[in-house]
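# Geometric and topological summary
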Amino acid sequence: MSYLQNQLKSFNASVVDSASRLGQQRRFNHQNNTTTSASSSQLPSSTSTPTPGGGDRKRHDDIVYSQPANTGTGKDIMTQVIFAIEHMKAKGVPLKFPDIVSYLSLQHRANDQGYVQALRSILQVHDKVQYDPRGANGEGTFSFRPPHNIRTAEQLLKKLQAQSTGAGMSVRELREGWPNVEETINQLEKEGKLLVTRNKKDDHAKMVWANDPSLIQHFDDEFRQIWEKIKIPDQQTVKEELERAGIVPTNKNKVVKQRPKIEHKKVKKPRRSGKTTNTHMMGVLRDYSHLKR
């Protein structure tokens, strides 16, 4: 019995020890969780605390450095010239210089007469600007000058017929002074008065040439039927017939016969004798030249 009692006491002691350890471990885990939650709750307050220079950093973050800065309307004088030409092109009527200045919003430059006069001088001599000094009762007007001053079908046909070469005309250049030129081109093409090339992508007219409708020949239906009944041989048959006739295409590899090689026997050159230099002792020395092999 004493042995069993000792075993029971040791078992009870181990159970008590394990229970005490488990309680301590639970308390330790609870303290860790409390500390972690407290530290996480303090993070937003520390993040929201403004730091020196924080406002500047926020302002810098709003800037997109991959894009140019928005500086508004161009301040360079040549930029203003481009804007003025585009405005004249869109209006399509002669404009006075004050109207152009008003469109460009250059009222703040009214006191800078040098800038205004420079802008006027550039527009007067620009190749895309038509300046009329007599326009507007002598005040002068400015209008857009297209590459071709053509705005009607008659002017277009007259210009094409007056060409000394077959260069044709670009539709893009015609469109600068005549925005609706393609409608007229399509109509003239249907009437047989124009030859037109078009873009494959959008089928818009690209180049135009003059065409004479009187040169168009009309054939009878009987002749058309006879022509259509003629059977054209295929490419392989034509090739075989040409080869039978001895006609070889230029791109065909020709067999080049090699010429027979002629072997030439090597002839041994005679040995050259040395030059005699002691001629002044001919009577003293003996001559052994006959002993040479």
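These numbers come from a predicted model, not from an experiment. (Residues numbered from 1 in each chain as written. Predicted model: local features only at pLDDT ≥ 70, side-chain atom pairs only at ≥ 80, totals over all residues. Heavy atoms only, no water.)

Attention now goes to the overall build of the protein. Per the secondary structure count, the protein includes ten helices and six strands. The 293 residues of the protein split such that 17% are buried. Contacts in the protein between residues at least 24 apart in sequence constitute 45% of all its contacts with a sequence separation of at least 6. Within the structure as shown, the protein displays about 25700 Å² of accessible surface, and the carbon and sulfur contribution to it stands at 53%. (Helix = DSSP H or I, 4+ residues; strand = E, 2+ residues; numbered from the N terminus. Buried < 20%, exposed > 50% of the residue type's maximum accessible area, 1.4 Å probe, protein only. Contact = heavy atoms within 4.5 Å. Areas by Shrake-Rupley, 256 points an atom, 1.4 Å probe, with all protein chains shown as cover.)

To continue, consider the sheet that holds strand β4 (residues 169-170). Reading across the sheet, the three strands line up as β4-β6-β5 and stay open at both edges, with antiparallel pairing between neighbours. Strands at the two margins of the open sheet, each flanked by one partner only, are β4 and β5 (194-198). Sheet topology places β5 next to strand β6 (residues 205-210); five bridges connect them, and they run antiparallel. Note on β6: the bridge partner recorded for Arg198 is Ala205. Set on the sheet, helix α6 (residues 153-161) makes contact with β4, β5 and β6; between it and β6 the angle comes to about 65°. (Pairing = 2+ DSSP bridges. Axes fitted to C-alpha atoms, helices over the stretch in contact; angles between N-to-C directions.)

It is worth spelling out the sheet that holds strand β1 (residues 95-96) at this point. With antiparallel pairing, three strands are arranged side by side in an open sheet as β1-β3-β2. Only two strands of the sheet have a single partner each, and these edge strands are β1 and β2 (129-132). Here β2 runs beside strand β3 (residues 141-144); their pairing, made up of four bridges, is antiparallel. The residue bridging Val129 from the neighbouring strand is Phe144, located in β3. Here helix α3 (residues 77-91) sits on the sheet in contact with β1, β2 and β3, set at roughly 80° to β3.

A few words now on the side chain of His87. Mapped onto the elements, His87 comes out in helix α3. By relative accessible area, His87 is classed as buried at 13%. Excluding residues within four positions of it along the chain, His87 makes contact with Leu95 and Tyr103.

The next point concerns the side chain of Ser170. Inspection of the secondary structure puts Ser170 in strand β4. Assessed through its relative accessible area of 18%, Ser170 is described here as buried. Side-chain polar atoms of Ser170 contact the backbone nitrogen of Arg172, separated by 3.4 Å. Setting aside chain neighbours within four positions, we find Ser170 in contact with Lys206 and Met207. (Polar contact = N/O pair within 3.5 Å; in protein donor to acceptor, adjacent residues only side chain to side chain.)

The next subject is the pattern of salt bridges. For the structure on display, the rule yields four salt bridges. Its salt-bridge partner being Glu189, residue Arg198 comes within 2.6 Å of it at the nearest N-O pair. The salt bridge partner of Lys193 is Glu191, with a shortest N-O separation of 3.5 Å. The class of Lys193 is partly exposed, set by a relative accessible area of 33%. Overall, Glu191 belongs to the partly exposed group, its relative accessible area being 39%. (Salt bridge = Lys/Arg side-chain N within 4 Å of Asp/Glu carboxyl O.)

Attention now goes to the packing of aromatic side chains. Following the criterion strictly, the structure yields three aromatic pairs and no others. Aromatic side chains Phe97 and Phe142 sit 6.0 Å apart centroid to centroid with 50° between the ring planes, which places their arrangement in the tilted category. On the criterion of sequence distance, the pair formed by Phe97 in helix α4 (residues 97-103) and Phe142 in strand β3 is long-range, its members being 45 residues apart. Residue Phe97 shares its accessibility class with Phe142, and that shared class is buried. Arranged with centres 5.7 Å apart and planes meeting at 25°, the rings of Phe219 and Phe223 form a pair that is stacked. When its relative accessible area of 46% is taken as the criterion, Phe223 is described as partly exposed. Through successive ring pairs, a cluster of aromatic residues spans Phe97, Tyr131 and Phe142. Between Arg120 and the ring centre of Phe97, over which it is positioned, the NZ or CZ distance is 5.2 Å. (Phe/Tyr/Trp six-rings, centres within 6.5 Å; stacked < 30°, edge-to-face > 60°. Lys NZ or Arg CZ within 6 Å of the ring centre and 35° of its normal.)

A few words now on the packing of α6 against helix α8 (residues 181-190). One way to put it is that α6 packs onto α8 with a least axis distance of 10 Å and a crossing angle of 65°. It follows that α6 is roughly perpendicular to α8 by the angle criterion. Regarding α6 and α8, the two cross each other, and that crossing is right-handed. Contacts between α6 and α8 involve Ala153, Leu156 and Leu157 on the former and, on the latter, Thr184, Ile185 and Leu188. Tallied by class, residues from the contact of α6 with α8 come to five nonpolar, one polar and no charged. (Parallel < 35°, antiparallel > 145°, perpendicular 65-115°, else oblique. Left-handed = near helix turned anticlockwise from the far one by under 90°. Nonpolar A, V, L, I, M, F, W, Y, C, P; charged D, E, K, R; others polar.)

Our next topic: α8. Within the sequence span of α8, burial applies to Val181, Glu182, Thr184, Ile185 and Leu188. Along the axis of α8, the buried positions cluster into a sector of 160°, meaning they face one direction only. α8 presents Glu183 and Lys190 as exposed residues on the side facing more than 90 degrees away from its buried surface. Contact partners of the buried residues in α8: α6, α7 (171-177), β5 and β6. (Arc of directions from axis to C-beta.)

Nothing here speaks to function; it is geometry throughout.
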